[in-house]
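# Structural overview for review
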Amino acid sequence: MAVTVTPETFSYVSFDAGLIHRIADEIAGAIGLGDTPITIEVDETTPLARTVISIDDGVHDGIYIRADSGAFEDTRKPRQQSETATATSLGRVLLRASDRLTGGFGEAPPDDQLSLPQISAWETYSIGRLERLGITVNRQRWLYNFRNRHGFTDAADGAFEQLWQSDALTWGSLCAISDSARAVLESS
Amino acid sequence: MRKFLPVDQLARDERFAPVSMNERMADPRTALDVNEGAPKAGAGGNRKFRLTPERRDASDGARGLMHGVFVGEIQALEGAGRTCFDFETVGVAATDDDADTASAVPFALKLDMARQCWDEARHVEISVKLSDWMGTEIGQYAENTVLFAAACSSDPVLRLAGVNRALEGLAIDVFTTMKEFGELAGDPYLEFCEDWMLADEVTHVKMGSDWLRKVTENDPERRKKALEFQSIVDKLFSYGGTRSESDESPIGLARRFRSLAGFTDEEVDSISEVSLQALNERKSAVVQARADAADAFSHAATGG
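Calculation criteria
- Residues numbered from 1 in each chain as written.
- Chains lettered and ligands numbered in written order.
- Predicted model: local features only at pLDDT ≥ 70, side-chain atom pairs only at ≥ 80, totals over all residues.
- Helix = DSSP H or I, 4+ residues; strand = E, 2+ residues; numbered from the N terminus.
- Rg over C-alpha atoms; globule rule 2.2 N^0.38 Å.
- Buried ≥ 20, exposed ≤ 12 C-beta atoms within 10 Å, placed from the backbone.
- Contact = placed C-beta atoms within 7 Å.
- Core = buried A, V, L, I, M, F, W, Y, C linked by C-beta atoms within 7 Å.
- Domains from an automatic or database assignment.
- Nonpolar A, V, L, I, M, F, W, Y, C, P; charged D, E, K, R; others polar.
- Axes fitted to C-alpha atoms, helices over the stretch in contact; angles between N-to-C directions.
- Parallel < 35°, antiparallel > 145°, perpendicular 65-115°, else oblique.
- Pairing = 2+ DSSP bridges.
- Right-handed = clockwise from strand over helix to strand, strands pointing away.
- Left-handed = near helix turned anticlockwise from the far one by under 90°.

## Structural notes on the overall build of chain B
- Summing up its helical and strand segments, chain B has 9 helices and 4 strands in all.
- Each helix and strand of chain B, ordered N terminal to C terminal, gives the series β-α-α-β-β-α-β-α-α-α-α-α-α.
- A compact globule built from 304 residues should have a C-alpha radius of gyration of about 19 Å, and chain B, at 20 Å, falls within 12% of that.
- When its C-alpha atoms are laid out on the principal axes, chain B stretches across 70 × 50 × 40 Å.
- Counting over 304 residues, chain B shows a buried share of 43%.
- Counting only contacts in chain B whose residues sit at least 6 apart along the sequence, the fraction spanning at least 24 positions is 74%.

Rendered as structure tokens:
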């Protein structure tokens, strides 16, 4: 499998392209994307933490990930790389790509058309799986993210738990869980 | 115990990662859209970073800001405590005829600083619990120590201007932004806690404004110097456009609460102007740094 990381050397930040390559390689292998070409482009001019992904976009073969440098950064040490942040950021977009490629998510809108509750529901589903792959995650951080989009209610917490523990959801079942929590919020 | 503790001597355990203002300023990256031109107050055409739930990274933005509040409260506690300890006590009231307030402060001022320590210690505890609630660990973000640096002046009046008016003024802006965020996101704890801490910060600014006026009542030159120092600190706290009335800044300027704290409209206008200047200067610096980097690359590539 080919993982390509650009740039190969960084000037704005002290990142290691080899480490990014290794982490992407390991996660892709663990989630069944071992044969898919992956291109990762890091925008080191911005400290933001966005990651954008496309699949067979006509320019790049396979999966293309564009990440802001903040996505891989150690928040304790500005401009230094964090292995955990790199794994979490790459893992969640690779799992989203894997969901789209392996079926069950055909009706999911393109990433830039997902609603904020849908994004947080999908992230919860992805991060829960990453934790089971052995990647260090802060569960409370993701619960807070989910509550911000689904309400600070028992129903939202229940929906979070269901998404976090799941391994084989479809787009329809993921949305149903998210919608059930939103419905409680909107009726309160 | 040592008096006038330098910023690098602050006591921190291994969880904390201090970062100086110089290190922060050396970071050439920016989230600002440097091609959009000068920032404007309010909603303009520029990229918007105001912390609201609509931002895709809203919860992470709130967590980062909350950690900034947490370390800011620790440093505010240390600063107010230092002002109680670093200076001798003179008289009871600032206007005592024989009061030499150059290196000594009135007992009542120390009493206010002691009350502020009590408040800040409570704020630290609240911030720890809020961080826990939001999924942030102590020390998860770098600690910018510029806040305590503003509390290191040898003139107590400059400390009042730098800490109580500039730093605590910034706290009013931050707490207002966070309270509104909590309200919009429906986070009951965040909204409630920020509201109560905001009330304390308004009092701290008011104490600073009152003491600055009293202590410099017969010394207009010293008052002028203190207000100039405050302006410098205000600009530092707005570095990179962190706080301004432009929607490009994560933190807004809380005019109403600043007014309650004793800032005049002219003073708030001036802070607004200084903040926009800081945002604009950062954009210019980034454009220049990128041009320099392109030049250096071009020279290297052509062997020139």
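Right, picking up where we left off after that structure.
## Comments concerning the overall build of chain A
- Tallying secondary structure elements over chain A gives 6 helices and 6 strands in all.
- The linear arrangement of helices and strands in chain A, starting from the amino end, is β-α-β-β-β-β-β-α-α-α-α-α.
- In terms of C-alpha radius of gyration, chain A reaches 17 Å, essentially the compact-globule figure of 16 Å for 188 residues.
- Taking the principal axes of the C-alpha coordinates as reference, chain A spans close to 50 × 35 × 30 Å.
- Classification of the 188 residues of chain A by burial places 44% in the buried group.
- Partitioning the contacts of chain A with sequence separation of at least 6, the portion at a separation of at least 24 is 65%.

## Some details on the nonpolar core
- If you look at the biggest cluster of nonpolar residues, it comprises 107 residues, and the most contacted ones within it are A:A24, A:I40, B:L167 and B:I172.
- If one sorts the elements of this core by residue count, helix α5 (residues 156–185) of chain B sits on top with 15 residues.
- Residue assignment places this core across two domains, with domain 1 (3–94) and domain 2 (111–187) of chain A each supplying three or more.
- Each residue touching A:I40, except ones within four places of it in the same chain, is listed here: A:V3, A:T4, A:V5, A:I20, A:A24, A:I65 and A:A67.

## Looking at the interface of chain B and chain A
- Opposite the 24 residues of chain B that make contact, chain A presents 22 residues.
- In terms of residue count, the dominant contributor to the side of chain B that touches chain A is helix α2 (residues 58–86) of chain B (4 residues).
- A per-class count over the side of chain B that touches chain A returns 11 nonpolar, 6 polar and 7 charged.

## So, the packing of helix α5 (residues 154–165) of chain A against helix α6 (residues 171–187) of chain A
Residue and element names in this part refer to chain A.
- Where α5 contacts α6, the axes come no closer than 8 Å and their chain directions differ by 170°. Classified by the interaxial angle, the pair formed by α5 and α6 is roughly antiparallel. Residues A155, A156, A159, Q162 and L163 of α5 form the contact with α6, whose participating residues are L174, I177, S178, S180, A181, V184 and L185.
- Each residue belonging to the contact of α5 with α6 can be placed in one class, and the counts come to 9 nonpolar, 3 polar and no charged.

## A look at the pairing of strand β2 (residues 38–43) of chain A
Residues and elements named next belong to chain A.
- Pairing of strand β1 (residues 3–6) with β2 involves 4 bridges; the strand directions are parallel. Bridge pairing in β2 places T4 opposite T39.
- Both β2 and strand β4 (residues 63–68) contribute to a ladder of 6 bridges, which runs parallel. By the bridge assignment, T39 is partnered in β4 with Y64.

## Examining the domain arrangement of chain A
All names here are of chain A.
- Structurally, chain A comprises domain 1 (3–94) and domain 2 (111–187).
- Here the C-alpha centroids of domain 1 and domain 2 sit 23 Å apart.
- With 8 residues of domain 1 at the contact, the number on the domain 2 side is 9 residues.
- Taken together, the elements giving at least two residues each to the side of domain 1 that touches domain 2 come down to β3 (51–55) and α2 (83–102).
- Sorting elements by how many residues they give to the side of domain 1 that touches domain 2 places α2 first, with 5 residues.

## Observations concerning unusual backbone geometry
Residues and elements named next belong to chain A.
- Geometrically, the link from T6 to P7 is a cis peptide bond, its omega value of -5° lying close to zero.
- As for its position among the elements, P7 is in the loop between β1 and α1 (17–30).
- In this structure, D56 takes a positive phi of about 45° despite not being glycine.
- Tracing the backbone shows D56 in the loop between β3 and β4.
- On the basis of neighbour count, D56 is assigned to the partly exposed category, with 13 C-beta atoms found within 10 Å.

## Description of the pairing of β1(A)
- Burial along β1(A) is one-sided: the residues A:V3 and A:V5 are buried and none of A:T4 and A:T6 is.
- Once you follow β1(A) into α1(A) and on to β2(A), the crossover reads as left-handed.

## What about the sheet that holds β3(A)?
All names here are of chain A.
- Pairing is mixed across the open sheet formed by 4 strands, whose spatial order is β1-β2-β4-β3. At either margin of the open sheet sits one strand with a lone partner, and together these are β1 and β3. Between one strand axis and the next, the sheet turns through 15° on average, direction left out of account.
- Running at roughly 150° to β1, α1 makes contact with β1 and β2 of the sheet.

## Observations concerning the packing of α1(A) against α2(A)
Residue and element names in this part refer to chain A.
- In the contact formed by α1 and α2, the axes pass within 10 Å of each other and the chain directions differ by 45°. As summarised for this structure, α1 and α2 are arranged oblique, according to the angle between their axes. Here the hand of the crossing between α1 and α2 comes out right-handed. For the pair formed by α1 and α2, the contact residues are L19, I20, I23, A24, I27 and A28 on the first element and E83, T86, A87, L90, G91 and L94 on the second.
- Class assignment of the residues belonging to the contact of α1 with α2 gives a composition of 9 nonpolar, 2 polar and 1 charged.

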